[in-house]
Amino acid sequence: MSYDRSFRGSHEGGDHAPHPAAELESLGTVSPAAAEKLPVTADLLSTWMGYADVQRRTLEAIQHELSRTSDTVETATLDLSSRFRELAEKAMEQSLRVEQIVSMAGSIAIDGERVPMDQLVVGMQDMIADMIANIVTLSRHAMSMVYLLDDVQKDVSELEKSIADIDVINRQTNFLALNATIEASRAGEAGRTFAVVAQEVRHLSRSTGELADRMRSKVTAVVKGVRNGHDILRQIANTDMSPQMLAKERVDKTMESLVDQTNHFQSVLETAATVSSDMSSTIGHMVTGMQFQDLTKQRLEAINDSLAIMSAGLDELENRTRVELPASLNGRVPQEWLDELLGRFKLSEMRQRFVRKLLLEGTALDEHGVLDVDAGHDDSSGGDIELF
Amino acid sequence: MDYGIEDKDQETVVRLRGRLTFNDHAKLRALIREMLQTKAKRQVLDLSALEFVDSAGIGMLLIAREEMSNVDKLLILRAAAGQVKRVLTVAQLNKIVAIED
């Protein structure tokens with residue numbers, strides 16, 4: 001197509017010239033009519049020879065460019081494919097890692113054993129509930145003890161009072177026995193036996209007094225012990241444990257937040273794992289998609305083959321025509337056509353290659369500035385687009 | 001802490017006010033004795049005006065329940081609020097004593 005258009009372009013303003021395709025056809029056709037000699041001007045033949053030369057070179061240059069392009073695409077595609085594969089592997093690795101984290105996130109290692117978070121929370125809440133139940137039981141028992149010791153203290157006070165009562169009674173008994181002794185001695189011989197009895201009562205009274213003393217000292221010790229115990233127990237019962245009980249509320253809330261947060265992390269990580277896995281499979285599809293290069297390569301090769309056949313045909317026709325021509329007649333450089341053709345190349349590297357093929361190897365003069373020193377060094381990168 | 005007793009046919013309602021702590025143990029014992037004297041089977045402790053209870057207070061409430069139970073009476077803790085309600089909840093006292101809102 002571009003061949004056709006370029007050609008026609010070069011003939012703008014020269015509509016008197018015959019259609020080149022028709023001319024080529026008449027030259028190439030082997031028919032009885034071909035044997036017939038036709039009058040052809042030297043100018044037309046010279047022009048035709050010039051075109052033929054340039055066209056052949058152009059076709060060769062195009063074949064060369066097609067091969068280059070195919071190679072470039074192949075190299076780039078292979079590189080891209082390998083990078084994409086690498087990317088797919090990394091995405092898969094990441095997905096595995098995230099899945100690993102997801103499986104760990106919901107549990108905690110305790111003594112080398114993995115305990116699920118919710119089970120752990122329930123366990124701790126049960127532990128705290130037991131602790132509080134113990135506090136309640138202790139408080140109740142402590143208060144029972146306080147009440148018991150309150151009673152014991154009262155009883156002991158009663159006992160102290162009773163011992164004091166015994167003392168009073170004993171003093172009276174002693175006093176009575178003394179009086180009886182005095183009265184007995186007054187009675188003389190008749191009171192002698194009574195004096196003995198009175199004496200015995202005094203002994204008894206002394207013994208009772210001594211017993212009361214012993215009891216008092218023991219009871220005093222008991223009272224002291226009970227009072228101390230009571231004081232200690234009051235201190236224990238008076239230690240308020242309600243703040244520790246209410247700490248359960250805070251612990252419960254903390255646990256709840258912890259579980260919520262863990263669940264949130266887990267769901268986010270699960271999403272991340274899915275995304276990584278999706279990425280990996282998308283990249284796999286991209287690598288498969290890169291196989292378009294194979295098809296492109298085959299197509300370019302087929303085009304190149306067609307161009308080679310065309311080029312060979314052209315070469316043959318050119319040679320056959322040359323044989324028929326006088327040696328003095330040379331092909332004329334189709335300057336307008338060349339200008340049109342070279343004006344289309346925007347890539348200076350490609351332009352240079354065409355110029356080398358068409359101009360340097362041919363006879364045309366350099367009127368396109370492509371061999372300027374600047375133009376030659378301009379595109380070391382090879383891909384720059386030159387706007388001119 | 002102080003209290004007021006309202007003796008009705010169906011139930012005896014004792015309204016506790018202020019703070020129930022260890023220091024009230026003698027007072028609470030007297031209250032238990034008074035409650036034992038009443039005829040109603042349902043003995044309600046109205047806790048709506050009680051601001052605070054310590055662990056000894058919880059122990060005393062349990063003793064009250066026991067004493068009532070011994071004479072076939074039912075102790076009910078009613079309308080606890082604030083700290084008192086929170087402590088009753090964390091102590092799971094509802095497993096031992098009847099609790100009403």
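Residues numbered from 1 in each chain as written. Chains lettered and ligands numbered in written order. Predicted model: local features only at pLDDT ≥ 70, side-chain atom pairs only at ≥ 80, totals over all residues.

Next up on the list: the overall build of chain A. Within chain A one finds 10 helices and 2 strands. Overall, chain A shows an N-to-C arrangement of helices and strands of α-α-α-β-β-α-α-α-α-α-α-α. Residues counted as buried form 11% of the 388 residues belonging to chain A. Across chain A, the fraction of contacts at a sequence separation of at least 24, relative to all contacts at a separation of at least 6, is 82%. (Helix = DSSP H or I, 4+ residues; strand = E, 2+ residues; numbered from the N terminus. Buried ≥ 20, exposed ≤ 12 C-beta atoms within 10 Å, placed from the backbone. Contact = placed C-beta atoms within 7 Å.)

Along the backbone of chain B there are 3 helices and 5 strands. In sequence order, the secondary structure elements of chain B are arranged as β-β-α-β-α-β-α-β. At a minimum sequence separation of 6, the contacts of chain B that also span at least 24 residues come to 70%.

All names here are of chain A. Where strand β1 (residues 107–110) meets strand β2 (residues 113–116), 4 bridges bridge the pair, whose relative direction is antiparallel. Within the sheet, the bridge partner assigned to S107 lies in β2 and is P116. The hairpin formed by β1 and β2 contains 2 residues between the paired strands, and D111 there has a positive phi angle of roughly 50°. (Pairing = 2+ DSSP bridges.)

A separate point is the packing of helix α3 (residues 42–105) of chain A against helix α6 (residues 242–289) of chain A. Residues and elements named next belong to chain A. At a closest axis distance of 8 Å, the pairing of α3 and α6 adopts a crossing angle of 160°. One element, α3, and the other, α6, form an angle in the roughly antiparallel class. Here α3 and α6 pass one another in a crossing that is left-handed. For the contact of α3 with α6, the per-class residue count stands at 17 nonpolar, 9 polar and 3 charged. (Axes fitted to C-alpha atoms, helices over the stretch in contact; angles between N-to-C directions. Parallel < 35°, antiparallel > 145°, perpendicular 65-115°, else oblique. Left-handed = near helix turned anticlockwise from the far one by under 90°. Nonpolar A, V, L, I, M, F, W, Y, C, P; charged D, E, K, R; others polar.)

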